[in-house]
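Listed below are the residues making up each chain.
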Amino acid sequence: PALVAGGSYRISRVDLDAWLHERDATAGAVPQRAERDWPRQSDALIASLITGDAQTARQQIDRLVGGGATVAELCDLLFAPVLYRIGELWHLQELSIADEHRASRIIEGLLERASSARSKPGPRVGTAVVATAVGDRHSLAAQMVAAGLQAEGFRVNYLGAELPVAEILTMAQREHADLVALSCCVAEREGISEAVRTLAGEGFPVMVGGSGIGRAEALDLGATRYGGSIADAQTFARE
């Protein structure tokens, strides 16, 4: 039994528990799905990226999404490791800067494709602002955070890379944000330090994460929470 209210189904906890008990008693719990071979998936995606085969890459992502892969899984277990390996190949001069940029743009498209497929319909559960601070031009990590929060049912205001803190604060205030998420993928600290200090000082919960900063340092800067992965970001946002 359910009640439709405001575009959502409202189900009694008592009814849900009773249904679960009956299901488990008669048919057993739903079996766990076999683990995906993410290293193999990474190898396949890298092969497509190196040759610029966006169509094959899209087909791979469509299969994973169709099989139930979440945005967090795709970001944490596929896109992030693949981008790291692409960066290594560039560092070893096995790929050119153009190759690396092409691969990043393809992944941006794949992320948008997966995010659209996994976006939750209905009322939003909260509002988030996502950006990188001045000095950090790496937008893709922040896009992954935005996609992850959108998949959790949040209304996301994604501002892109290298935003002055005044612009981030204005957006957060105007949109009555429940959370501000800042990605950090560089060693430079002036921009992220000012952003965290200003936003936290205005009362906004601030989550910081990214390859350029660790948990202890993020918390020392004044962040409310450190997001070590997209799954972590989703958990904190729900809390």
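Everything discussed here concerns the structure shown above.
Residues numbered from 1 in each chain as written. Predicted model: local features only at pLDDT ≥ 70, side-chain atom pairs only at ≥ 80, totals over all residues. Heavy atoms only, no water.

### Brief notes about the side chain of Glu152
So, point 1. Residue placement: Glu152 occurs in the loop between α6 (140–151) and β4 (154–158).
So, point 2. We classify Glu152 as buried; its relative accessible area is 16%.
So, point 3. A polar contact is formed between the side chain of Glu152 and the side chain of Arg238, at a distance of 2.6 Å. (Helix = DSSP H or I, 4+ residues; strand = E, 2+ residues; numbered from the N terminus. Buried < 20%, exposed > 50% of the residue type's maximum accessible area, 1.4 Å probe, protein only. Polar contact = N/O pair within 3.5 Å; in protein donor to acceptor, adjacent residues only side chain to side chain.)

### Looking at the sheet that holds strand β3 (residues 126–132)
So, point 1. With respect to topology, five strands assemble into an open sheet ordered β4-β3-β5-β6-β7, the strand pairing being parallel. The open sheet has two free edges, formed respectively by β4 and β7 (225–227), since each of these has just one partner strand. Each strand of the sheet is rotated relative to its neighbour by a mean of 25 degrees, with strand direction disregarded.
So, point 2. Looking at chain direction, strand β6 (residues 206–209) and β7 are connected through three bridges and run parallel. Of the residues in β7, the one forming a bridge with Val208 is Tyr226.
So, point 3. Contacting β3, β4 and β5 (179–183), α6 runs over the sheet at an angle of about 160 degrees to β4. (Pairing = 2+ DSSP bridges. Axes fitted to C-alpha atoms, helices over the stretch in contact; angles between N-to-C directions. Contact = heavy atoms within 4.5 Å.)

### A few points about the environment of Ala18
So, point 1. The residue Ala18 is located in helix α1 (residues 13–26) in this model.
So, point 2. Ala18 sits 59 residues away from Leu77 along the chain, and the two C-alpha atoms are 35 Å apart.

### Observations regarding the packing of helix α3 (residues 54–66) against helix α4 (residues 71–91)
So, point 1. Between α3 and α4, the least distance of the axes is 12 Å, while the angle of their chain directions is 145 degrees. Taken as a pair, α3 and α4 cross one another with a handedness that is right-handed. When α3 is examined against α4, the residues Ile61, Leu64 and Val65 are found in contact with a partner set consisting of Leu74, Leu78 and Phe79.
So, point 2. Each residue belonging to the contact of α3 with α4 can be placed in one class, and the counts come to six nonpolar, no polar and no charged. (Left-handed = near helix turned anticlockwise from the far one by under 90°. Nonpolar A, V, L, I, M, F, W, Y, C, P; charged D, E, K, R; others polar.)

### Structural notes on α3
It helps to recall that an α-helix has 3.6 residues per turn; residues three or four apart then point in one direction.
So, point 1. Its 13 residues give α3 an end-to-end C-alpha distance of 18 Å, which sits within 8% of 18 Å, the value for a rise of 1.5 Å per residue.
So, point 2. Here α3 has its buried residues at Ala57, Gln60, Ile61, Leu64 and Val65. Take α3 and look down its axis: the buried residues cluster within an arc of 130 degrees, on one side only. α3 presents Arg63 and Gly66 as exposed residues on the side facing more than 90 degrees away from its buried surface.
So, point 3. Taken from the residues just after α3, Gly68 is the one with a positive phi, measuring 105 degrees. (Expected span 1.5 Å × (residues − 1). Arc of directions from axis to C-beta.)

### Remarks on helix α5 (residues 97–118)
So, point 1. The end-to-end C-alpha separation of α5 is 31 Å, in line with the 32 Å expected for 22 residues at 1.5 Å each.
So, point 2. Contacts from the buried residues of α5 go to α2 (38–51), α3, α4 and α6.

### A few points about the state of the cysteines
So, point 1. Within this structure, the stated rule accounts for zero disulfides.
So, point 2. Cys185 supplies the cysteine sulfur nearest to Cys184, a cysteine that is in no disulfide, at a spacing of 6.7 Å. (Disulfide = S-S within 2.5 Å.)

### Section: a nonpolar patch on the surface
So, point 1. On the surface, Val4, Tyr9, Ile11, Leu16 and Trp19 cluster together to form a nonpolar patch covering roughly 580 Å² of accessible area.
So, point 2. Looking at the secondary structure, you find Trp19 in helix α1. (Patch = residues over 30% accessible without salt bridge, like charges linked within 9 Å, V, L, I, M, F, W, Y side chains within 5 Å. Areas by Shrake-Rupley, 256 points an atom, 1.4 Å probe, with all protein chains shown as cover. Salt bridge = Lys/Arg side-chain N within 4 Å of Asp/Glu carboxyl O.)

### Comments concerning the environment of Gly201
So, point 1. With respect to the element layout, Gly201 can be found in helix α8 (residues 190–201).
So, point 2. Here the alpha-carbon distance between Gly201 and Gly222, two residues 21 residues apart in the chain, equals 9.2 Å.

### Considerations on the packing of α2 against α5
So, point 1. Interhelical geometry of α2 versus α5 gives an angle of 125 degrees and a closest axis separation of 8 Å. By the angle between their axes, α2 is oblique relative to α5. As α2 packs across α5, the resulting crossing turns out to be right-handed. Listed contacts from α5 to Leu45, Leu49, Ile50 and Thr51 of α2 are Arg102, Ala103, Ile106, Ile107 and Leu110.
So, point 2. Taken together, the residues of the contact of α2 with α5 break down into seven nonpolar, one polar and one charged. (Parallel < 35°, antiparallel > 145°, perpendicular 65-115°, else oblique.)

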